[in-house]
Amino acid sequence: TRTRTRTLASRRWRVTGMRRTAAAAALAALGAALSLRRCLADPAYVDASAYEAHLRSQDLVYAWEGGVSKDFPWIFGTNAYVGNGFLGLQISVKNGDELTVEFGRADLYDHREGPFPGQDELDTVDDTLHPNSESVPVYYARPRLPLGNFTVGFGAPVQAGHLRLAYFTGELSGWVSTTRGNVTIQATVFLTDTAPGVFAFELLGDGKETYELWDVSLNDLVVESPYYHAWGCDLNSGCGYPGPSGTVVDDYVQSPPGVYRGDVSDLKNGVSIDHPLLAGGDFALALRSMPGTLDGAPAQSSGVTVVGTVAMDLVKDAPGGNAVAMAEDAVRSLQDGGAAALAALRAAHRAAWASFWKATAFVSIPDKIFEGAYYNQMYKLRAAGAGEGTMVDGSVGLIDLMGPWPQRSVWPGVWWDLNTQLTYWPAYRAGSAPLDVATAMVRVLRNAYASGQLSLNVPEAYRSDSLGLGTQTPLDCSGGAIPIKGWGGVWEPGHGTNTGNLLWACHSWYLQFLASQDYSLLEDGPDGTAGLVTILEGAANLFLNTLAEDDAGRCHIPSTFSPELYAGEDASFDLSLLRWGLRTLVDLTPTLAARRGLRPSVRAEAVERWQDALDCLVEPAVDPATGIMVTGDATFDAPHRHYSHLFSLHPLKLMDLANATQREIALRSVNHFAAMNANVTNGYTATGLASMSVQLGAALGEGVGGAYADAALGNITSFMLGLMYWNGMYREGGGPVMESPMSVAAATQASLDPSPSLSLKPKPKPQHQPKPKPEPKPQPQPEVSP
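Since we're looking at a predicted model, the values are computed, not measured.

Draft legend 1. Structural context of the overall build of the protein chain. Along its length, the protein chain carries 18 helices and 28 strands. Looking at the 786 residues of the protein chain, the share that counts as buried comes to 60%. Of the roughly 30000 Å² that the protein chain leaves accessible, carbon and sulfur atoms contribute 53%.

Right, here's the structure in full:
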């Protein structure tokens, strides 16, 4: 097999004939020193210029010659990309003689009404949008929406090029050469204090290559669900696409086509595309040329410097809105400001990126392939996600499965049964700046609680005290109620059948707290903002309301669905999450009461209820041959990527690996899961096994070269070389996904530092100590001659 490996000197990847096994062995030899080695340094002690130089050696470099090859950006897995957490650009060379800039906005979702599965009682279906549907999958009605692209046809074949994606500044720069001449390229999406911001890209010819010779076009895309298109469907094929439980939805009604304003041949006066949405409102893309270059030189006739933005006005009334005026005003204002405005924006952008890296843990890994892959994911974390300082107009900055770089996909949204949680795992051990990016998940859940959506996500009978979260949602966490079949109910795979999603999201919220020790994350705010304890209690109640006690006094969970596996009573996934949630509530409630100066007996009745449930809750079933079972009566008996039944080990760390019996169960379970998936090629399967192997190796006291340390390294290596695209992107099951490459960074962190630092309980608030009485001042002594 031909796989990609990376030359350490140039920091780029080349296609070589090295076999995968040989590559893994070579990397094992090169990278053994990273196993179980702690290299996470405090960024405050790393000089900024030294950090910049260190990152420059990790930059993603695209270099090619000899015409079209797989070493230059031409598809999703090799393209260049920049972003600011909201807007994104993808730059690629296509058809041998074209350069394409694709636009994206991370929070651009459709907002059609349901009813969604499980919410038929709402009866809000709009026959003009869904004439043949009784209920509509959320990824059909409220998916991410595509944007257009800007294409430059050089009219001469591209022969060579060199592009550098600079992590420290978040900018792309370089050149391409055609048979006629050379073109320099720059592109960035400015990091600013207001979302969504402005992007810029620049192409300057050398005189032989000149703007007048290029065929420039602004191309609109049909505004429809990427899920629909990913299955090869269009309005003329009539093929529809699979829905829940094998149903087929074939009645998609497109929004109206985009309305062009201006002409792309006259960028000085601007061009825009306004997209009215059938569900109401609009979004718009606007572009204008600048009177100078990104480097501050006067505008050149041989090229063009373009600024642009994407605006949204998603009112609920009728198609049309103010988005096009908003977008045009933003780029016109920047154009009017001229070179000074562009220079100020770029300076602020670079300062913002420098601040991000200054507060990001400095990592040194002997193997530079691993080191480069790690920093690539940390760059992506900030380019795809946004922290607290960039929120306007209801935007949340959450990273869905695409990030700000949309593609045709069967995953056009947020998935809560694994993907969103894994995406943020590396942030919790990487410093305060990545941790700030991860606050987006907390923000989304708080917003959904405030809007009542988390309550609407559970069946009506449970809404008085229970909260839930479906599997596939847009940014507002809508998308259908979680069906609770109760005892004896029959489950079918499909939307919303994973009952424990909100508990798992709360676990990530708790990791956010442990990393920051910010108690405002736990408690309700004075403005009514929900804290973790409130939402965690609602998520736990969904299970407590359905627990059943047997004759022996043991409590059982009715039939629930273990993500991507199968349904049954006492699913290990839900048992583990419920046990973690109840333990956390029992631990946190008296701690928070003490911090507020209240008596420990406050909420004693609730604490007693949680403790009673903990005491009677059954443990996950264990099979003598295969280890932890998926449900109370079903083993893990077929290869599958999801390790949801192993949550008591990873990520929840509920198992006491110092206990010989618990350790033996963990070893048996992981060994069986690894053996069953020996030929499964899925990203997060490999990274999950790597993290579990680190835990087991540490429990066994292994050092560098131990069996489980080598297994961790081998799993990370196999994903990096065999599955992940060389630009750090990844595609699985019909579309791009963000979580698997991000979990490479998390598994690398675990290998560098296997200590379970994020399993610690919260630190108690320091008690007030009286100031010590000052020591009496010494009396002056007479001087003595030497």
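Draft legend 2. Inspection of the sheet that holds strand β12 (residues 199-205) at higher detail. Ordered in space as β4-β9-β10-β11-β12-β19-β18-β17-β16, the nine strands form an open sheet in which the pairing is antiparallel. Two strands in the sheet have a free side with no partner beyond their single neighbour: β4 (60-65) and β16 (259-262). Neighbouring strand axes in the sheet, compared pairwise and without regard to direction, differ in orientation by 15 degrees on average. Pairing between strand β17 (residues 271-276) and strand β18 (residues 282-289): six bridges, direction antiparallel. Of the residues in β18, the one forming a bridge with Val271 is Leu287.

Draft legend 3. Just the side chain of Ser648, in detail. Within the fold, Ser648 resides in the loop between β28 (627-628) and α15 (660-676). On the accessibility criterion, Ser648 (8% relative accessible area) is buried.

Draft legend 4. Structural detail: the environment of Gln453. Within the fold, Gln453 resides in helix α10 (residues 453-456). On a C-alpha basis, the gap between Gln453 and Gly479 in space is 9.4 Å, while along the polypeptide they are 26 residues apart. Excluding its chain neighbours within four sequence positions, the residues that come into contact with Gln453 are Ala448, Asp476, Cys477 and Ser478.

Draft legend 5. Examining the confidence of the model for the protein chain more closely. Summary statistics for the protein chain give a mean pLDDT of 81 and a share of 78% for residues scoring 70 or more. Residue range residues 231-248 is modelled with pLDDT below 50. Its contacts to residues more than four positions away, or to other chains, number 34 contacts. The model gives residues 488-496 a pLDDT under 50, and that stretch makes 23 contacts with residues more than four places away or in other chains.

Draft legend 6. Representation of the packing of aromatic side chains within the structure. This structure, assessed with the given rule, holds 31 aromatic pairs. With centroids separated by 5.0 Å and ring planes inclined at 75 degrees, the aromatic side chains of Phe513 and Tyr519 adopt a geometry described as edge-to-face. Both residues of the pair, Phe513 and Tyr519, count as buried. Put simply, the rings of Tyr51, Tyr81, Tyr167, Trp353, Phe356, Trp357, Phe362, Tyr374, Tyr375, Tyr379 and Trp405 touch in pairs and so form one group of aromatic residues.

Draft legend 7. A look at the side chain of His672. Mapped onto the secondary structure, His672 falls in helix α15. Taking the relative accessible area as the measure of exposure, His672 reaches 16% and is therefore buried.

Draft legend 8. Structural detail: the packing of helix α12 (residues 532-544) against helix α14 (residues 604-616). Running from amino to carboxyl end, α12 crosses α14 at an angle of 50 degrees, the nearest separation of the two axes being 12 Å. Judged by the inter-axis angle, α12 sits oblique to α14. Crossing handedness for the pair α12 and α14: left-handed. Across the interface between the two elements, Glu537, Asn541 and Leu544 of α12 pack against Arg609, Trp610 and Ala613 of α14. Partitioning the contact of α12 with α14 into residue classes produces three nonpolar, one polar and two charged.

Draft legend 9. Structural context of helix α18 (residues 739-752). With 14 residues, α18 extends 20 Å between its outermost C-alpha atoms, agreeing within 8% with the 20 Å of an ideal straight helix rising 1.5 Å per residue. Among the 14 residues that make up α18, 14 are buried, leaving the element largely enclosed by the rest of the structure.

Draft legend 10. Structural detail: the state of the cysteines. In total, this model carries one disulfide according to the counting rule given. Sulfur-sulfur distance for the disulfide between Cys555 and Cys616 comes to 1.9 Å. Disulfide Cys555-Cys616: the torsion about the S-S bond is -95 degrees, which places it as left-handed. On the criterion of sequence distance, the pair formed by Cys555 in strand β24 (residues 555-556) and Cys616 in helix α14 is long-range, its members being 61 residues apart. Here Cys555 falls in the buried class, since its relative accessible area comes to 5%. The exposure class assigned to Cys616 is buried, which follows from its relative accessible area of 10%.

Draft legend 11. Spatial organisation of the pattern of salt bridges. The full count for this structure, using the stated rule, is 18 salt bridges. Of the charged contacts in the structure, one is a salt bridge between Asp107 and Arg105, with a shortest N-O distance of 2.6 Å. When the shortest N-O distance is used, the salt bridge between Asp295 and Arg346 registers 2.9 Å. A residue pair is termed long-range when its members are at least 10 positions apart, and Asp295 in the loop between β18 and β19 (303-313) and Arg346 in helix α5 (residues 323-358) qualify at 51 residues. One network of salt bridges, with partners in common, ties together Glu171, Asp295, Arg346 and Arg350.

Draft legend 12. Broad picture of the sheet that holds strand β8 (residues 149-153). Pairing in this open sheet of five strands is antiparallel, and the strands run β5-β6-β7-β8-β13 from one edge to the other. Sheet topology places β5 (80-83) and β13 (215-219) at the edges, where each strand pairs with a single neighbour. Strand-to-strand, the axes of this sheet are offset by a mean angle of 15 degrees, without reference to chain direction. In terms of strand pairing, strand β7 (residues 98-105) meets β8 through five bridges, oriented antiparallel. The partner of Glu98 across the bridge, within β8, is Gly153.

Draft legend 13. Quick peek at unusual backbone geometry. Of note, the amide linkage connecting His650 to Pro651 takes the cis form, showing an omega dihedral of 15 degrees. Of note, Pro651 is situated in the loop between β28 and α15. Although it is not a glycine, Asp570 sits at a positive phi angle of roughly 55 degrees. Along the chain, Asp570 turns up in the loop between β26 (567-568) and α13 (572-595). Unlike most non-glycine residues, Lys653 shows phi in positive territory, near 55 degrees. Looking at where Lys653 falls in the secondary structure, it is placed in the loop between β28 and α15. Classification of Lys653 as partly exposed rests on a relative accessible area of 34%.

Draft legend 14. Looking closely at the pairing of strand β9 (residues 158-166). In terms of burial, β9 is largely enclosed, as seven of its nine residues are buried. One ladder, built from six bridges, connects β4 with β9; its direction is antiparallel. Looking across to β9, one finds that Trp64 is bridged to Gly161. Hairpin connection from β9 to strand β10 (residues 171-178): four residues lie between these consecutive antiparallel strands, with Gly170 at a positive phi of about 65 degrees.

Draft legend 15. Broad picture of a negative patch on the surface. Together, Glu605, Glu608, Asp612 and Asp615 make up a negatively charged patch on the protein surface. Along the chain, Asp612 turns up in helix α14.

Draft legend 16. Layout of α13. With 24 residues, α13 extends 34 Å between its outermost C-alpha atoms, agreeing within 8% with the 34 Å of an ideal straight helix rising 1.5 Å per residue. Counting buried residues along α13, 18 of its 24 residues qualify, which places the element largely inside the surrounding structure. Phi for Gly597, located one or two positions after α13, is positive at around 75 degrees.

About the criteria used
Residues numbered from 1 in each chain as written. Predicted model: local features only at pLDDT ≥ 70, side-chain atom pairs only at ≥ 80, totals over all residues. Heavy atoms only, no water. Helix = DSSP H or I, 4+ residues; strand = E, 2+ residues; numbered from the N terminus. Buried < 20%, exposed > 50% of the residue type's maximum accessible area, 1.4 Å probe, protein only. Areas by Shrake-Rupley, 256 points an atom, 1.4 Å probe, with all protein chains shown as cover. Pairing = 2+ DSSP bridges. Axes fitted to C-alpha atoms, helices over the stretch in contact; angles between N-to-C directions. Contact = heavy atoms within 4.5 Å. pLDDT = per-residue confidence, 0-100. Phe/Tyr/Trp six-rings, centres within 6.5 Å; stacked < 30°, edge-to-face > 60°. Parallel < 35°, antiparallel > 145°, perpendicular 65-115°, else oblique. Left-handed = near helix turned anticlockwise from the far one by under 90°. Nonpolar A, V, L, I, M, F, W, Y, C, P; charged D, E, K, R; others polar. Expected span 1.5 Å × (residues − 1). Disulfide = S-S within 2.5 Å. Salt bridge = Lys/Arg side-chain N within 4 Å of Asp/Glu carboxyl O. Patch = residues over 30% accessible without salt bridge, like charges linked within 9 Å, V, L, I, M, F, W, Y side chains within 5 Å. Lys, Arg positive; Asp, Glu negative; His and termini not counted. Charge placed at Lys NZ, Arg CZ, Asp CG, Glu CD.

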